[in-house]
Amino acid sequence: MTTNENKFQEIISHAKEYGFVFPSSEIYDGLSAVYDYGPYGSELKKNIRDYWWRWMTQMNENIVGIDAAIFMHPTTWKASGHVDNFSDPMIDNKDSNKRYRVDHIIEGLADTLRSEGKETEADKLLAEMDALLAAEDFAGLKDLIYTRNIKCSVSNTCNWTDVRQFNLMFSTEIGSVAEEADKIYLRPETAQGIFVNFLNVQKTARMKIPFGIAQTGKAFRNEIVARQFIFRMREFEQMEMQFFIRPGTQKEWYEYWKEARLQWHLSLGVKPEKYRYHDHVKLAHYADAALDIEYEFPFGFKEVEGIHSRTDFDLKNHQLYSGKKMQYFDNEINQNYIPYVIETSIGLDRMFLLILSESYAEEKWTKEDGTADSRVVMRIPAKIAPLKLAILPLTKKDGLPDIAKELMNQCKPFFRCFYEEKDTIGKRYRRMDAIGTPYCVTIDHQTKEDQTVTIRYRDSMQQERIPMSQVRELVQANML
RNA sequence: GCGGAAGUAGCUCAAUUGGUAGAGCGAUAGCCUUCCAAGCUAUAGGUCGCGAGUUCGAGACUCGUCUUCCGCUCCA
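Note that the structure is a prediction, hence the values are computed from the model and not measured.

**Student:** Got a minute to help me understand the overall build of chain A in this structure?
**Tutor:** When you go through chain A residue by residue, the secondary structure sums to 16 helices and 23 strands. Along the three orthogonal principal directions, the C-alpha set of chain A runs to about 90 × 65 × 50 Å. Contacts spanning at least 24 positions in sequence make up 64% of the contacts within chain A whose residues lie at least 6 apart. Of the roughly 23,900 Å² of accessible surface on chain A, a fraction of 49% belongs to carbon and sulfur atoms. Side chains of chain A give 63 positive and 72 negative charges; the mean places of these two sets differ by 3 Å.

And the structure:
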């Protein structure tokens with residue numbers, strides 16, 4: 001465990017030192033739990049996003065993409081249930097100025113009762129609380145806290161404020177005059193942008209059920225605690241796909257996407273034993289089945305992607321709130337219905353962290369002359385590596401840089417290349433290992449005679465001589 | 001949010017009892033022309049996280065504050 005924690009620290013340091021991830025606004029001491037992606041990080045993130053996008057849309061003829069706005073009509077979030085469910089009643093103690101979730105302090109009392117053997121009393125208390133929460137009876141909740149004499153653990157007093165709703169959605173005002181009616185939210189999930197466009201997409205792209213709509217984009221949640229580097233951030237990017245299906249077929253499609261999405265992860269060469277499914281016991285308000293695909297991060301198994309069977313909850317509610325029919329006419333069975341939905345939702349930032357965790361390695365070995373040698377290598381899969389190819393003239397004399405630049409010009413329209421003539425060749429290889437460049441090509445004096453170059457492979461450190469004319473094809477062949 | 005720890009150059013760390021802020025690595029430029037880091041020369045880079053206080057004098061002591069990490073908490 002200790003070594004894993006160290007490894008996590010090393011990954012974070014490495015990410016900063018080599019231009020993958022910086023703390024946001026670092027010159028102002030940073031902004032808590034907000035991060036910026038650097039030169040190599042932004043490339044890697046883009047490549048992960050593109051790889052997902054191609055796999056979802058290009059490789060599935062029945063899935064199309066959209067790019068919806070972050071701002072949405074306020075009613076969207078009433079229909080989706082976020083206004084009611086994405087928030088928790090809170091209460092503040094006036095003496096200590098501490099804020100608590102109401103259900104937590106009441107559950108705390110129930111636990112105390114249980115530990116005193118008063119099981120039935122504890123159950124009765126929780127039942128009472130659930131009824132009040134369901135009825136949104138905030139005054140009743142406050143009474144409950146007072147009559148049970150629940151005290152603040154800091155000030156040890158009962159001097160409470162009223163119970164208030166604390167929303168986990170970020171809000172802002174649209175328009176230059178701040179009025180209640182103009183209050184809008186930053187989307188807490190990208191999914192709703194897909195649901196409200198269901199009819200537009202289905203009609204314009206002439207989609208037939210079953211079909212999917214994919215989208216990537218930023219979402220915002222005002223988490224009480226955001227931690228663990230880029231794992232839990234208040235601003236994050238999702239890659240989501242909503243798959244619309246005939247009601248009653250949700251079980252089989254749920255199973256299908258559960259398996260298909262794991263295959264996507266494995267296609268990046270991640271070891272299968274690092275993944276596991278985690279079925280949700282407590283289901284969210286919209287779901288009739290849900291699971292997480294978890295990855296073993298240095299800090300334990302954590303969710304990377306969620307597969308949710310969302311039923312017709314979202315479309316049905318948008319139909320209710322908007323008054324627009326969110327229906328599909330199915331020719332095969334000659335019926336109108338509101339489609340059911342299977343959602344696959346993956347956190348791009350989490351996937352990024354997964355790739356860093358999986359790729360980062362420190363290697364040590366003994367050289368032929370008996371001295372120790374080592375390197376830090378990022379074994380990032382070639383298809384998503386920030387740089388694909390480094391082109392290195394062995395020396396900067398004898399016209400070698402000219403040949404190298406010629407190869408550079410041949411390759412750079414097709415993939416990201418990097419040119420470097422500074423320092424010894426070994427040092428340049430190490431630098432490329434540290435940012436995960438899968439291929440290095442060296443131009444030497446022999447190149448001038450027979451047009452061959454040395455290609456060096458990052459993972460094996462093996463090298464071989466190939467004709468310079470084959471470099472582009474070789475790299476491209478390994479990018480898919 | 002609570003508790004604990006930490007913050008000095010890009011990184012890792014020094015600086016005696018409170019007395020002029022240093023090294024290695026890295027970076028940049030040049031030399032060398034070398035197929036797996038750590039050869040030579042030079043240069044740049046720091047209001048010691050920030051703000052007060054004590055003191056003739058603070059990187060060091062005191063208080064506050066910010067940030068990060070760990071644990072708890074939270075987590076659609």
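More follows now that the structure is in view.
**Student:** Explain the domain arrangement of chain A here, please?
**Tutor:** How big an interface is tends to be stated in terms of the accessible area lost upon association of its parts. When cut into domains, chain A gives domain 1 (3–70 + 188–356) and domain 2 (387–477). Computed from C-alpha coordinates alone, the two centres of domain 1 and domain 2 are separated by 37 Å. In this complex, domain 1 contributes six residues to the contact, which on the side of domain 2 involves six residues. Buried area between domain 1 and domain 2, both sides added, is near 510 Å², and the carbon and sulfur share of it is 61%.

**Student:** Explain the pattern of salt bridges here, please?
**Tutor:** It is possible for side chains of opposite charge to pair when their charged atoms get near one another. One pass over the full model with this rule turns up 24 salt bridges. The shortest N-O distance in the salt bridge between K271 and E358 comes to 3.3 Å. Within this pair, whereas K271 is found in the loop between α10 (250–266) and β11 (275–279), its partner E358 is found in helix α12 (residues 348–359), the two being separated by 87 residues in sequence. Residue K271 is classed as partly exposed on the basis of its relative accessible area, which comes to 40%. One continuous salt-bridge network, built from bridges that share partners, spans E363, R375, R379, D433, R456, R458 and D459.

**Student:** Please explain the environment of Q335 as it appears in this structure.
**Tutor:** One can find Q335 in strand β15 (residues 335–337). With near-sequence residues (within four places) excluded, Q335 lies in contact with Y328, F329 and D330.

**Student:** Explain the sheet that holds strand β23 (residues 463–467) here, please?
**Tutor:** Backbone-to-backbone hydrogen bonds join strands into a sheet, with any given pair of strands oriented parallel or antiparallel. Taken together, the five strands give an open sheet; going across it, the order is β20-β19-β21-β22-β23, and neighbouring strands pair in mixed fashion. Looking along the sheet, the strands with just one partner apiece sit at the ends: β20 (417–419) and β23. The sheet shows a mean angle of 25° between the axes of neighbouring strands, taken without regard to direction. Lying over the sheet, helix α14 (residues 425–435) contacts β19 (389–393), β20, β21 (439–443), β22 (452–457) and β23, oriented at roughly 170° with respect to β19.

**Student:** It is not clear to me how helix α13 (residues 400–411) should be interpreted in this structure. Could you clarify?
**Tutor:** An α-helical segment advances 3.6 residues per turn. Residues three or four places apart therefore align on the same side. Along its twelve residues, α13 runs 17 Å from first to last C-alpha, staying within 8% of the 16 Å computed at 1.5 Å per residue. Where the residues of α13 are buried, they touch β19, β20, β21, α15 (445–450) and α16 (471–477).

**Student:** Looking at this structure, I do not really get the packing of helix α2 (residues 39–58) against α10. What am I missing?
**Tutor:** Geometry of a packed helix pair, given as the angle between the helix axes and the separation of the axes. One can describe the packing of α2 onto α10 by two numbers: an axis separation of 12 Å at closest approach and a directional angle of 140°. One element, α2, and the other, α10, form an angle in the oblique class. The handedness of the crossing between α2 and α10 comes out as right-handed. Counting all contacts with α2, which are made through I48, Y51, W52, W55 and M56, the residues of α10 involved are W257, A260, R261 and W264. Looking at side-chain class alone, the contact of α2 with α10 contains eight nonpolar, no polar and one charged residues.

Cut-off values and rules
- Residues numbered from 1 in each chain as written.
- Chains lettered and ligands numbered in written order.
- Predicted model: local features only at pLDDT ≥ 70, side-chain atom pairs only at ≥ 80, totals over all residues.
- Heavy atoms only, no water.
- Helix = DSSP H or I, 4+ residues; strand = E, 2+ residues; numbered from the N terminus.
- Contact = heavy atoms within 4.5 Å.
- Areas by Shrake-Rupley, 256 points an atom, 1.4 Å probe, with all protein chains shown as cover.
- Lys, Arg positive; Asp, Glu negative; His and termini not counted.
- Charge placed at Lys NZ, Arg CZ, Asp CG, Glu CD.
- Domains from an automatic or database assignment.
- Buried area = accessible area lost by both parts, 1.4 Å probe.
- Salt bridge = Lys/Arg side-chain N within 4 Å of Asp/Glu carboxyl O.
- Buried < 20%, exposed > 50% of the residue type's maximum accessible area, 1.4 Å probe, protein only.
- Pairing = 2+ DSSP bridges.
- Axes fitted to C-alpha atoms, helices over the stretch in contact; angles between N-to-C directions.
- Expected span 1.5 Å × (residues − 1).
- Parallel < 35°, antiparallel > 145°, perpendicular 65-115°, else oblique.
- Left-handed = near helix turned anticlockwise from the far one by under 90°.
- Nonpolar A, V, L, I, M, F, W, Y, C, P; charged D, E, K, R; others polar.

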